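Coordinate inspection notes
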Amino acid sequence: MPSLGLGVYLVSDVTECERSVEAALRTGYRLIDTAAVYGNERAVGRGITASGVDRNEIFVTTKVWPSDYGYQRTKKSIARSLERLGTGYIDLLLLHQPYADYRGSWSALEDAVTGGQVRSIGVSNFRIQDLEKLLTVAKITPAVNQVERHPYFQQKDLAAFLARSEIVPEAWYPLGHGSKELLGETVFTELAKKYGKSAVQIILRWHIQSGFVAIPKSTNPRHIEQNFDIFDLTLTDAEMEAIAAIDRNRPSFRVPRWLLGAVSRVPAVRDLR
């Protein structure tokens, strides 16, 4: 699994989504992250085709929304995602939220691995207690847990648990949803000046060096290129510690858990054409 990818959350314009995926792959990205609920799986598939990059070089992630949880519903959801993506198989399939019958869905994901439709499976937004419950019944240990994570919300306890469980941590909102306060932190402005990079590039480099996969979203071709230009520097241990020190344990996505549970029961949006 590549350590840096393109996320397409909230990219609702199908042409823009297709062009962003194509631009990212032509730049050198090999990880594209989407979800059934984003409504743009079909556009992602077209962007992959338009890029001309060999399918076997690309790592495609999508997710099952909780309204499709339960063994039979999840099997149908997987088939629909495969049809929309048109990629032949899914490299990583995640359960999007820890609600409803996610245990039954996990069995469907495991069978999809056995059947060859899916290469690897994991979860998204699972807390330690959610993972502990899943691990009691899982035949296949989740390969990935994708969660909100950025310098203001570093998820240190969860990261330690994932390391012990040999589960790869992946960060959505890796830039704190573009927080100007975060990007303006002294530690980032000073490091950006030192390395001739931007604050965004320093933060993305921090994610990778701390063991997280990062999936920043962008539809701007220039920003897509800049986000990928982070493999020619290495932050020192002292610099990594300085970034660790600004943790506020504060998420950017502050929807109450009870409301997330209610939202998760709403059917996934129809795929945009």
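Residues numbered from 1 in each chain as written. Predicted model: local features only at pLDDT ≥ 70, side-chain atom pairs only at ≥ 80, totals over all residues. Heavy atoms only, no water.

**Concerning the overall build of the protein chain**
Condition: Secondary structure elements follow DSSP: runs of H or I no shorter than four residues count as helices, runs of E no shorter than two count as strands, and numbering proceeds from the N terminus. Our radius of gyration is a C-alpha quantity, and the globule rule it is checked against amounts to 2.2 Å times the number of residues to the power 0.38. For every residue, the accessible area (1.4 Å probe, protein chains only) is compared with the maximum for its type, and the residue is labelled buried under 20%, exposed over 50%, or partly exposed between those bounds. It only takes one pair of heavy atoms within 4.5 Å for two residues to be counted as in contact. All accessible areas in this document rest on Shrake-Rupley with a 1.4 Å probe, and a residue is counted as covered only by the protein chains that are shown.
In terms of regular secondary structure, the protein chain is built from 12 helices and 8 strands. What you see for the protein chain is a C-alpha radius of gyration of 18 Å, in line with the 19 Å of a compact globule of 273 residues. With the principal axes as the frame, the protein chain shows a C-alpha extent of 55 × 40 × 30 Å. Within the span of the protein chain, comprising 273 residues, buried residues form 53% of the whole. Contacts in the protein chain between residues far apart in sequence, at least 24 positions, make up 78% of those at least 6 positions apart. Surface summary for the protein chain: the accessible area is close to 12300 Å², and the carbon and sulfur share equals 51%.

**Observations concerning the packing of helix α3 (residues 71–85) against helix α4 (residues 102–115)**
For clarity, the cut-off: To get an axis, a line is fitted to the C-alpha atoms, and for a helix only the part in contact is used. The angle between two axes follows their N-to-C directions and goes from 0 to 180 degrees. Throughout this description, any angle smaller than 35 degrees is read as roughly parallel, any larger than 145 degrees as roughly antiparallel, any in the 65 to 115 degree range as roughly perpendicular, and the remainder as oblique. In a left-handed crossing the near helix is turned counterclockwise from the far helix by less than a right angle, and in a right-handed crossing that turn is clockwise. We call Asp, Glu, Lys and Arg charged. Ala, Val, Leu, Ile, Met, Phe, Trp, Tyr, Cys and Pro are nonpolar, and the rest, Gly among them, are polar.
Closest axis-to-axis distance for the α3/α4 pair is 7 Å, and the angle between their directions is 45 degrees. With respect to α4, the element α3 is oriented oblique. Where α3 crosses over α4, the two elements pack in a sense that is right-handed. For the pair α3 and α4, the contacting residues are Y71, T74, K75 and I78 in the first and G104, S105, S107, A108, L109, D111 and A112 in the second. Counted by class, the contact of α3 with α4 contains 5 nonpolar, 4 polar and 2 charged residues.

**Describing unusual backbone geometry**
Even without being a glycine, N125 presents a positive backbone phi close to 65 degrees. Within the chain, N249 stands out as a residue other than glycine whose phi angle is a positive 50 degrees. Following the sequence through the fold, N249 ends up in the loop between α11 (237–244) and α12 (257–263).

**Overview of the packing of aromatic side chains**
The following threshold applies: Each Phe, Tyr or Trp ring, with Trp reduced to its six-membered ring, pairs with another whose centre is within 6.5 Å; inter-plane angles below 30 degrees give stacked pairs, above 60 give edge-to-face pairs, and intermediate values give tilted ones.
In the structure shown here, the tally under the stated rule is 5 aromatic pairs. Summarising the aromatic geometry, the rings of Y102 and F126 are spaced 5.2 Å apart at their centres and angled 75 degrees between planes, so their arrangement reads as edge-to-face. Pair noted here: Y102 is in helix α4 and F126 is in the loop between β5 (118–124) and α5 (128–135), with a separation of 24 residues, a long-range link. A ring pair is formed by W172 and Y173, whose centres lie 4.9 Å apart and whose planes are at 70 degrees; its orientation type is edge-to-face. With a relative accessible area of 14%, Y173 lands in the buried category. What links up through ring pairs into an aromatic cluster is the set Y29, F228 and F231.

**Concerning α4**
Where we set the bar: Expected span of a helix, by definition, is 1.5 Å for each gap between consecutive residues, and there is one gap fewer than residues.
In this model, α4 (14 residues) spans 20 Å end to end at C-alpha, consistent with the 20 Å of a helix rising 1.5 Å per residue. Among the residues of α4, Y102, G104, S105, W106, A108, L109, E110 and A112 are the ones counted as buried. As for α4, its buried residues are in contact with β3 (59–64), α3, β4 (90–95), β5 and α5. Trailing α4 by a residue or two, G116 shows a phi angle of about 90 degrees, which is positive.

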